[in-house]
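# Examining the three-dimensional arrangement
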Amino acid sequence: MSTETDHGEETDAVAANGSVSPDDGLLVLDEIRKEFGGLVAVDDLSFAVEEQEILGFIGPNGAGKSTTFNCVVGRFPPTSGTVYYKGEDVTGTNAHTMVQKGLARTFQEFRPFEDRTVLKNVSLALTPNRMFSMQGLRGKTKEKAAEICKRVGLGDRMHMTPDELPHAGLLRLELGRALATKPDLLLVDEPFAGLSGPEVESISDLLLELRDEGLTLVVVDHNMRGLLSLIDRGIVIQFGSMIAEGDPEAIKNDPTVQEAYLGGDEL
Amino acid sequence: MSDNDSTQTTGVLGRLNPITMPLRYKLGLVGLVLLGALPMFIDSTMALTFAGAYFFGVYAMSWDVVSGYTGQISFGHGLFFGVGGYTSALLNLGHGFDPLLSIPVGVVMAALAGIIIGVPALRLKGPYLSLVTLVAPLILVQIFIYRSDIFNGEQGLSGVDPLFGLNTFGDEAMFYYVAFGLFVFVLAVLWIVTRTDAGPVFTAIREDEDAVEAVGLSPAKFKIMAFVLSAAIGGLAGAMIVHTPNGNASPTTLLSITVNVEVIIAAILGGMGTIVGAAIGGVALILLRDQLSAVDLVVPLFDTPISDMDFLVFTLITFVLLFALPGGIIRWATGIGGWLTQRVRGEDPEIAADGGTKTPPEQVYENYTEELREILGGDDDDEH
Ligand SMILES: Nc1ncnc2c1ncn2[C@@H]1O[C@H](COP(=O)(O)OP(=O)(O)OP(=O)(O)O)[C@@H](O)[C@H]1O
Ligand SMILES: [Mg+2]
């Protein structure tokens, strides 16, 4: 299965069943497997993320999308397999080190720091990982944080606490906090769930802008809604393994994918 | 200092400008100045009581910076006071070190103890960590009893040199200033640490460690830092107090269960995770106890004088206040103060600005119940 994308020389990002090499892309997953007790949540999954693409990572509920993310970002190590980031084996590296390497994520369930304002949530992400830092003393951090808030559309709500934000606002905060870490690759976990049509559009526009500025994105969703016009390429997984890969239209019409979604979610 | 901010003053330094500083800081500074002048108006017994209160305020602050801020609850902070105090006393007694030399060594030893407790804290979930901190001082006391030849058991070590060669009788006012100086110094250090970058990271750890990781900060690093800082300051207070009439290197002064628990009570009462609250809570608790001891009332049912039941009284007060003012006295006072100033200025006071947000004790309680549920099983969630 080889599909062209509008991002150039993708030759064998996913060549014959999961033989990937570390340099296939910015992020490469090689036979990633994650078991919880007896449950195989991710089943020897291999794929690569090309630089500056927007990759859709699609699958029904419980397919293993978030678990794959968690293995990549170092929230927990995979049971087996290798993760390469920028060509380097980063399997099992802890989460904050991955962030420092330029890989950020948002939480599907939104995890803002409830005890502080939007601005302070973002400021924290600008804090250096050093013991004695007085950076906050100079007020520069605050300026930068405010800029990021504006960027993600929270300019007028910087001084609110997360519990005052609507659903879409919380997503924007997740994005803002992740962007504040200056990522090269951003994993966005199910941003569109619970958003209205216009909100989906406005977030999509933001993500596209970010890509144009050089960011690479992986966007998770359990259906194609909102993804069609956003992604360059998609990967569909079910029960932790890949069942389809290609451009949005091709995925949509893929018989295996349609079968996977039969009776369940709408694709 | 060039603050170019329109709405609120930027950064910590901005807040310290005496003209623009918020009312509560002004009040605090006035309070400190008054306390500085206090020895002129009180007798020597009272001066020593206050000195003891300042030491306790430092204990409470040292607890607060790790437990109040990061939510890693220590039930045995006396361990650090004890390590500091015994180290300094032993060096002074056995090797003739001047207190000015033995106290820093006590601080270093306490900081090491902070690492010893802090490192397991990286792996242990809250409830397990609390168990470790609960047991550690008990073990230390047992060692002190077992090796009574060195540590003189329950009695502890006495006859150490007083600080600066002061006289136990006659120099009470000086001891007041020693304790007061320590109190102000620690208050300043911890205030700066918690109001610069580290403070928000500490409290974020209390809120959600995974989210802290997700913004590229190492919770482990900051937890260790909090433990070591806390232990060093606790050790400093412990090491200093044994060279004053306020205490000696004994389990009762430094690491009894009563000390361990009262430190927590003081910090929670004053306002967990604020430093200032812990400072006030610690001082108030000792002064209150002093007042209680003067009350000649005998509690009928138990047939004991109320002065012997201070511990019980504090525990009761804590429970009542935890329900009435879960944020502690200082948050309550700042809240009221902010509301009042807004009223006075004719602004519309914001109703319950911290409406849906949990107070630190509530957040910690929630973390603990969640972790306990995980530990005790129930679901097979074996993630980390
Ligand atoms: N920490 C865990 N412990 C045990 N099982 C888990 C854990 N996390 C996920 N699982 C299980 O692994 C499987 C994959 O879950 P995951 O959250 O990765 O799915 P998902 O594709 O993100 O689904 P959704 O669209 O609902 O977010 C599910 O069966 C889930 O119950
Ligand atoms: Mg998920």
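What comes next is a walk through the structure. Since the structure is predicted, the reported quantities are computational estimates derived from the model, not experimental observations. (Residues numbered from 1 in each chain as written. Chains lettered and ligands numbered in written order. Predicted model: local features only at pLDDT ≥ 70, side-chain atom pairs only at ≥ 80, totals over all residues. Heavy atoms only, no water.)

### Considerations on the environment of Phe 323 of chain B
All names here are of chain B. The test is simple: Secondary structure elements are taken from DSSP: a helix is a run of H or I of four residues or more, a strand is a run of E of two residues or more, and numbering for both begins at the N terminus. Buried residues are those whose accessible area, probed at 1.4 Å on protein chains only, stays under 20% of the maximum for their type, while exposed residues exceed 50% and partly exposed ones sit between those limits.
The residue Phe 323 is located in helix H15 (residues 310–324) in this model. Residue Phe 323 is classed as exposed on the basis of its relative accessible area of 73%. Note: C-alpha distance between Phe 323 and Asp 98 (225 residues apart in sequence) is 47 Å.

### Quick notes on the pattern of salt bridges
Residues and elements named next belong to chain A. Our working rule: Take a side-chain nitrogen of Lys or Arg and a carboxyl oxygen of Asp or Glu: if they are within 4 Å of each other, that pair is a salt bridge.
Under the definition given, this model contains 21 salt bridges over all chains. A salt bridge links Glu 245 to Arg 233, with the shortest nitrogen-to-oxygen separation between them at 2.5 Å. With Glu 245 in strand E10 (residues 241–246) and Arg 233 in strand E9 (residues 233–238), this pair connects stretches of sequence that are twelve residues apart.

### Looking at the packing of helix H4 (residues 78–95) of chain B against helix H5 (residues 99–123) of chain B
Residue and element names in this part refer to chain B. For clarity, the cut-off: For helices, the axis comes from a line fit to the C-alpha atoms of the stretch in contact; other axes are also lines fit to C-alpha atoms, and the angle between any two N-to-C directions lies between 0 and 180 degrees. Helix crossings get a hand from a simple test, with the near helix turned counterclockwise from the far one by less than a right angle marking a left-handed crossing and a clockwise turn marking a right-handed one. Throughout, a residue-residue contact means that at least one pair of heavy atoms, one from each residue, lies within 4.5 Å. Amino acid classes used here: Ala, Val, Leu, Ile, Met, Phe, Trp, Tyr, Cys and Pro are nonpolar; Asp, Glu, Lys and Arg are charged; the rest, including Gly, are polar.
Relative to each other, H4 and H5 sit at 145°, their axes nearing to 7 Å. Our pair here, H4 against H5, has a crossing hand that is right-handed. For the pair H4 and H5, contact is made by Leu 79, Phe 80, Val 83, Gly 84, Thr 87, Ser 88, Leu 91 and Asn 92 and by Pro 99, Ser 102, Ile 103, Val 105, Gly 106, Met 109, Ala 110, Ala 113, Gly 114 and Ile 117, respectively. Looking at side-chain class alone, the contact of H4 with H5 contains eleven nonpolar, seven polar and no charged residues.

### Regarding the coordination of the magnesium ion (ligand 2)
Six octahedral donors around a metal ideally sit at 90 or 180 degrees from one another, while four tetrahedral donors ideally sit at 109.5 degrees. Heads up, the rule is: For Na, K and Ca the donor cut-off is 3.2 Å; for every other metal, N, O and S atoms count as donors within 2.8 Å. Water does not enter the count, which can leave sites looking incomplete.
Taken together, Ser 66 of chain A (OG) and Gln 108 of chain A (OE1) make up the protein donors of the magnesium ion (ligand 2), found 1.9 to 2.1 Å from the metal. With Ser 66 of chain A in helix H1 (residues 65–73) and Gln 108 of chain A in the loop between strand E6 (103–105) and helix H3 (118–126), this residue pair connects regions lying 42 residues apart in the sequence.

### Here's the deal with the site of ligand 1
Definition in use: For each residue, the test is whether any non-hydrogen atom lies within 4 Å of the molecule or strand; if one does, the residue is near. Polar contacts here mean pairs of N or O atoms no more than 3.5 Å apart (in protein, one a potential hydrogen donor and the other a potential acceptor; neighbouring residues in sequence count only if both atoms are side-chain atoms). Each accessible area is a Shrake-Rupley result for a 1.4 Å probe, and residues are judged covered by the shown protein chains and nothing else.
Residues in contact with ligand 1 amount to 15 residues; listed here are only the nearest, Gly 62, Lys 65, Ser 66, Thr 67 and Gln 108 of chain A. Each of chains A and B places residues near ligand 1. Within the side chain of Gln 108 of chain A, a nitrogen or oxygen atom sits 2.8 Å from an oxygen atom of ligand 1. Here ligand 1, which alone exposes 630 Å², has 71% of that area covered by the protein. Those elements giving two or more residues to the shell around ligand 1 turn out to be strand E2 (39–49) and H1 of chain A. In terms of residue count, the dominant contributor to the shell around ligand 1 is H1 of chain A (three residues). For the shell around ligand 1, the class distribution of residues is five nonpolar, six polar and four charged.

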